[in-house]
Amino acid sequence: MSDLTLRLSDLTKGYNAGKPNEVRVLQGVSLDVAPGEVVALVAPSGAGKSTLLHIAGLLDTPDNGKVTIEGTDMTNLSDRKRTAVRRSTVGFIYQFHHLLPEFTALENIVLPQLANGMAEKAAEQRAMTLLDRVGIAERASHRPAALSGGEQQRVAFCRSLANEPSLLLADEPTGNLDPETSDRVFEALMTLVRDTGLAAVIATHNLELAARMDRQVRLSGGVLESA
Amino acid sequence: MLVKNKGREVGILRTMGLTEGSILRVFLICGAGIGTLGTALGVILGCLFAIYIDQIFSLVNFVAGGGVWDPSIRGIYNVPAELHLTDVLKAVSLSLGLSWIITIFPARRAARMNPVEALRYE
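Residues numbered from 1 in each chain as written. Chains lettered and ligands numbered in written order. Predicted model: local features only at pLDDT ≥ 70, side-chain atom pairs only at ≥ 80, totals over all residues. Heavy atoms only, no water.

**Q** Please clarify how the overall build of chain B should be interpreted in this entry.
**A** Of regular secondary structure, chain B possesses seven helices and zero strands. Moving toward the C terminus, one meets the helices and strands of chain B in the order α-α-α-α-α-α-α. A compact globule built from 122 residues should have a C-alpha radius of gyration of about 14 Å, whereas chain B, at 23 Å, is more than 25% larger. Overall size of chain B, expressed as C-alpha extent along the three principal axes, is 65 × 30 × 20 Å. The burial tally for chain B puts 27% of its 122 residues in the buried class. Contacts spanning at least 24 positions in sequence make up 77% of the contacts within chain B whose residues lie at least 6 apart. For chain B, the accessible area works out to roughly 8200 Å², and carbon and sulfur atoms hold 70% of it. (Helix = DSSP H or I, 4+ residues; strand = E, 2+ residues; numbered from the N terminus. Rg over C-alpha atoms; globule rule 2.2 N^0.38 Å. Buried < 20%, exposed > 50% of the residue type's maximum accessible area, 1.4 Å probe, protein only. Contact = heavy atoms within 4.5 Å. Areas by Shrake-Rupley, 256 points an atom, 1.4 Å probe, with all protein chains shown as cover.)

This is the structure we're talking about:
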């Protein structure tokens, strides 16, 4: 088994190939992320960081190149197998919380665990533990609409870690929050990530937040370079 | 309509790792549930309508001030409303069958939705 949690090898991705409006988003992107390492992905809007995260998280496929997670090449796996890996090994956080509005905070965290075959009681217990760790256990029975922006994003963090993934991918997780809340929520995220020892790639515009991570890479002109 | 409105939720569930099959089942159960509920309500209301057709007729006549149905014009002196079990069963079968079959197509569309696209254009 590989020592790396995530290896992206020479990824390319484009849209509208052969047409006048062809866009080549990724042009040979390579990245290694070791267990416990937190990498800041810095890039301006439209540079392709969401595309890169989607490919790394097996939600999208590259035109060329290879995605390896925990030593297994994911490139040619069937959709069913990629979905299974995503469920058990990858956690996602988006800029917007993307919580299910009809469910409570607790239920939002329980759901992915049930999908992963965990018993309901155990799933609820883990969800409560996670909510407690980000300081909003008392908000467990509230629906997303009754939570503040910071609380919604904390619930999203908990949901992403519900199945104890080894890889966390976050697309500007605090980008939708005011600076003060962003700082507190980011601190909560980093504490969770450090405590669980998982590998993380966190896209951000905020250079101050990026500086608090282990390593920074910049996506520019379709290629990654050390920042 | 449900599939169109729930695109974002489908994207979220797929991101979480729910399979296409799971999404398909969610929408099938939901669609079939709505179809079954609609059929049940239809049967109850339809049977009540047939049983109480004379009273309903009188009520409409009363509200409209009479003359809603003038037999001398149409030559029909009473509205036949007989309730037969076989007719009810045929109607139930047709309604359930159609509602369940029609559910399959949007459910398949939801299951095959690209999660990235579903979340991007929410």
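Here the narrative resumes, following the displayed structure.
**Q** Looking at this structure, I do not really get helix 6 (residues 85-111) of chain B. What am I missing?
**A** Note that an α-helix has 3.6 residues per turn; residues three or four places apart therefore point the same way. Residues and elements named next belong to chain B. With 27 residues, helix 6 extends 38 Å between its outermost C-alpha atoms, agreeing within 8% with the 39 Å of an ideal straight helix rising 1.5 Å per residue. Taken together, the buried positions of helix 6 are occupied by Leu 96, Ser 99, Thr 103, Ala 107, Ala 110 and Ala 111. In this fold, the buried residues of helix 6 make contact with helix 1 (2-5), helix 2 (7-16) and helix 3 (20-51). (Expected span 1.5 Å × (residues − 1).)

**Q** Would you explain the environment of Ile 202 of chain A in this entry?
**A** Residues and elements named next belong to chain A. Its location among the elements puts Ile 202 in strand 8 (residues 199-204). Overall, Ile 202 belongs to the buried group, its relative accessible area being 0%. Distance in space between the C-alpha atoms of Ile 202 and Asp 171 is 6.1 Å, their sequence separation being 31 residues. When sequence neighbours within four positions are dropped, the list of residues in contact with Ile 202 reads Val 38, Val 39, Ala 40, Leu 41, Ala 170, Pro 173, Leu 189, Met 190 and Met 213.

**Q** Even after reading the chapter, I still don't get empty space enclosed by the protein, so can you show me in this structure?
**A** By rolling a water-sized probe across the atoms, one finds the places where empty space is left. Inspection of the entire model under this criterion finds two cavities of 30 Å³ or more. Reported here for the largest cavity is a volume of approximately 160 Å³. Along its surface, the largest cavity is lined by 15 residues, and Phe 92, Arg 159 and Ser 160 of chain A together with Thr 15 and Met 16 of chain B are the ones closest to its centre. Looking at the lining of the largest cavity, the elements with two or more residues in it are helix 2 (79-89), strand 6 (90-93) and helix 5 (149-161) of chain A together with helix 2 of chain B. Ile 55, Leu 58, Asp 60, Thr 61, Pro 62, Val 67, Met 74, Thr 75 and Arg 82 of chain A are the residues that line the second largest cavity. Considered class by class, the residues forming the lining of the second largest cavity number five nonpolar, two polar and two charged. (1 Å grid on protein atoms, 1.4 Å probe; cavity = no way out; pocket = protein on both sides within 12 Å on 5 of 7 lines; lining within 4 Å. Points joined across faces, edges and corners; volume = space filled by probe spheres on them. Nonpolar A, V, L, I, M, F, W, Y, C, P; charged D, E, K, R; others polar.)

**Q** Is there a simple way to explain the packing of aromatic side chains in this structure?
**A** Working definition: an aromatic ring pair is given by the centre-to-centre distance plus the angle between the planes. Residues and elements named next belong to chain A. For the coordinates displayed, the defined rule picks out one aromatic pair over all chains. With centroids separated by 5.9 Å and ring planes inclined at 10°, the aromatic side chains of Phe 92 and Tyr 94 adopt a geometry described as stacked. With respect to burial, Phe 92 and Tyr 94 carry one shared label: buried. (Phe/Tyr/Trp six-rings, centres within 6.5 Å; stacked < 30°, edge-to-face > 60°.)

**Q** Quick question: what am I supposed to make of the sheet that holds strand 2 (residues 23-33) of chain A here?
**A** Think of a sheet as strands paired side by side through backbone hydrogen bonds, with each pair either parallel or antiparallel. All names here are of chain A. Taken together, the four strands give an open sheet; going across it, the order is 2-1-4-5, and neighbouring strands pair in antiparallel fashion. In this open sheet, the two strands that pair with only one neighbour each are strand 2 and strand 5 (72-73). Here strand 1 (residues 6-15) runs beside strand 2; their pairing, made up of eight bridges, is antiparallel. Pairing of Thr 12 across the sheet is with Gln 27, part of strand 2. (Pairing = 2+ DSSP bridges.)

**Q** Hey, could you run me through unusual backbone geometry in this one?
**A** The bulk of non-glycine residues show a negative phi, and the bulk of peptide bonds are trans. All names here are of chain A. A positive phi angle, near 50°, is found at Glu 70, a position not held by glycine. Of note, Glu 70 is situated in the loop between strand 4 (64-69) and strand 5. Positive phi, close to 55°, is recorded for His 98, a residue that is not glycine. Within the secondary structure layout, His 98 lies in the loop between strand 6 and helix 3 (105-115).

**Q** I keep staring at the nonpolar core and nothing clicks. Help me out?
**A** Considering soluble globular proteins, one finds that nonpolar side chains tend to be buried as a cluster. Residue and element names in this part refer to chain A. Judged by nonpolar contacts, the single largest core of 48 residues is most densely connected at Leu 6, Leu 41, Val 67 and Ile 69. Sort the elements by how many residues they give to this core and strand 2 lands first, with five residues. Dropping the residues within four chain positions of it, Leu 41 is found in contact with Lys 49, Leu 52, Leu 53, Val 201, Ile 202, Ala 203, Thr 204, Val 217, Leu 219 and Leu 224. Grouped together as the second largest cluster of nonpolar side chains are 38 residues, Leu 99, Val 134, Cys 158 and Leu 177 included. (Core = buried A, V, L, I, M, F, W, Y, C linked by side-chain atoms within 4.5 Å.)

**Q** Can you help me understand the packing of helix 4 (residues 120-133) of chain A against helix 5 of chain A in this one?
**A** Think of two packed helices as two axes; the pair is described by the angle between the axes and how far apart they sit. Residues and elements named next belong to chain A. Contact geometry of helix 4 with helix 5 gives a least axis separation of 9 Å together with a crossing angle of 135°. Between helix 4 and helix 5, the angle is such that the two are oblique. Crossing handedness for the pair helix 4 and helix 5: right-handed. Facing helix 4, whose interface residues are Arg 126, Leu 130 and Leu 131, helix 5 presents Val 155, Cys 158 and Leu 161. For the contact of helix 4 with helix 5, the class distribution of residues is five nonpolar, no polar and one charged. (Axes fitted to C-alpha atoms, helices over the stretch in contact; angles between N-to-C directions. Parallel < 35°, antiparallel > 145°, perpendicular 65-115°, else oblique. Left-handed = near helix turned anticlockwise from the far one by under 90°.)

**Q** Got a minute to help me understand the layout of surface pockets in this structure?
**A** Of the pockets and cavities examined, the largest pocket occupies roughly 490 Å³. Forming the walls of the largest pocket are 23 residues, and the residues nearest its centre are Ser 50, Thr 51, His 54 and Asp 171 of chain A together with Arg 120 of chain B. When contributions to the lining of the largest pocket are tallied by element, the ones reaching two or more residues are strand 2 and helix 1 (49-56) of chain A together with helix 7 (115-120) of chain B. With four residues, helix 1 of chain A is the single largest residue contributor to the lining of the largest pocket.

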